[in-house]
Amino acid sequence: SQQGEEDPQALSIQEGENATMNCSYKTSINNLQWYRQNSGRGLVHLILIRSNEREKHSGRLRVTLDTSKKSSSLLITASRAADTASYFCARANAGGTSYGKLTFGQGTILTVHP
Amino acid sequence: NAGVMQNPRHLVRRRGQEARLRCSPMKGHSHVYWYRQLPEEGLKFMVYLQKENIIDESGMPKERFSAEFPKEGPSILRIQQVVRGDSAAYFCASSPPRAGVHQETQYFGPGTRLLVL
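Everything numeric here is computed off the predicted structure, so don't read it as measured data.

Report on the sheet that holds strand β1 (residues 5-7) of chain A, specifying residues and quantitative values.
Residues and elements named next belong to chain A. Ordered in space as β1-β3-β8-β7-β6, the five strands form an open sheet in which the pairing is antiparallel. Both edges of this open sheet fall to β1 and β6 (55-58), since each of them pairs with a single strand only. Between one strand axis and the next, the sheet turns through 15° on average, direction left out of account. Sheet topology note: the β6/strand β7 (residues 61-66) ladder contains four bridges and is antiparallel. Each residue of the ladder has a partner; that of H57, found in β7, is R62.

Break down the layout of surface pockets for me, citing the residues and quoting the values.
There is about 580 Å³ of room inside the largest pocket. Forming the boundary of the largest pocket are 24 residues, of which Q37 of chain A together with Q37, P39, E40 and E41 of chain B lie nearest the centre.

Account for the interface of chain B and chain A, with residues named and values stated.
Quoted interface sizes are often the accessible area lost when the parts come together. Counting residues at the interface gives 24 residues for chain B, matched by 24 residues for chain A. At the boundary of chain B with chain A, the tally comes to zero salt bridges. Taken together, chain B and chain A are joined by five residue pairs in polar contact (both at pLDDT 80 or more). At four residues, strand β5 (residues 43-50) of chain B tops the list of elements feeding residues into the side of chain B that touches chain A. Grouping the constituent residues of the side of chain B that touches chain A by class yields nine nonpolar, nine polar and six charged.

I'd love a proper account of a nonpolar patch on the surface, names of residues and values included.
All names here are of chain B. Side chains of V12, L115 and L117 sit close together on the surface and give an oily, nonpolar patch of about 240 Å² of accessible area. Mapping L117 onto the fold places it in the segment after β11 (112-116). Note on L117: relative accessible area 40%, which makes it partly exposed.

Please set out the sheet that holds strand β8 (residues 75-79) of chain B residue by residue, giving values where relevant.
Residues and elements named next belong to chain B. Across the sheet, four strands lie side by side as β1-β3-β8-β7; this open sheet has antiparallel pairing. The outermost strands of the open sheet, each flanked by one partner alone, are β1 (5-7) and β7 (65-68). Put simply, the sheet's adjacent strands are angled 15° from each other on average, direction ignored. For β7 and β8, the ladder comprises four bridges, and the chain directions are antiparallel. Residue F65 lies in a different strand from β8, and its bridge partner there is I79.

Rules behind the numbers
- Residues numbered from 1 in each chain as written.
- Chains lettered and ligands numbered in written order.
- Predicted model: local features only at pLDDT ≥ 70, side-chain atom pairs only at ≥ 80, totals over all residues.
- Heavy atoms only, no water.
- Pairing = 2+ DSSP bridges.
- Helix = DSSP H or I, 4+ residues; strand = E, 2+ residues; numbered from the N terminus.
- Axes fitted to C-alpha atoms, helices over the stretch in contact; angles between N-to-C directions.
- 1 Å grid on protein atoms, 1.4 Å probe; cavity = no way out; pocket = protein on both sides within 12 Å on 5 of 7 lines; lining within 4 Å.
- Points joined across faces, edges and corners; volume = space filled by probe spheres on them.
- Contact = heavy atoms within 4.5 Å.
- Salt bridge = Lys/Arg side-chain N within 4 Å of Asp/Glu carboxyl O.
- Polar contact = N/O pair within 3.5 Å; in protein donor to acceptor, adjacent residues only side chain to side chain.
- Nonpolar A, V, L, I, M, F, W, Y, C, P; charged D, E, K, R; others polar.
- Patch = residues over 30% accessible without salt bridge, like charges linked within 9 Å, V, L, I, M, F, W, Y side chains within 5 Å.
- Areas by Shrake-Rupley, 256 points an atom, 1.4 Å probe, with all protein chains shown as cover.
- Buried < 20%, exposed > 50% of the residue type's maximum accessible area, 1.4 Å probe, protein only.

If you want it as structure tokens, here you go:
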């Protein structure tokens, strides 16, 4: 599949624990973006990491990108019940007619128990 | 600064009717994207438009679906003669004019949930 994989499909943790979600892909990318979606709602942009970057931070979020392994990870530290949501990685593929569109993974459903 | 706006938020149609979904991008954004999300799945790209131009429609079904982004007014995704399989959430996203070769963040609207009876 051109979309790649996200794992785990579902993750259940306690408040205060860290949550790590992974995303793998198959084609070259310009950038990779992580989004959050609460049930029945729209998507909220979290972080964009470019192909020449290896790590980015935003508050409790840390994203890494390994282009040699074609993989990315999203780490949420000190999780809260409000972090409960689905998390998607989306790849902006490099060049050609792919320019402009994002290719989404299937997502990871994160549940944080109080 | 209002975010991406979509309306209606929910739309119910009977088989064979037409569905028109509207999207107003964020102020200053000239790029609009439409995505479809089936239950329990990620988003699938449909079409990418700039004002008065379709840039990439590789994700659009060949029949019944069309999209436009006129010089004035919102972007419209139009589905003719809807079928039950069209039931999904349709999301619009917008982004600002590109800075060089870098692609910018896409900001998503709340979506339109289409139910075909």
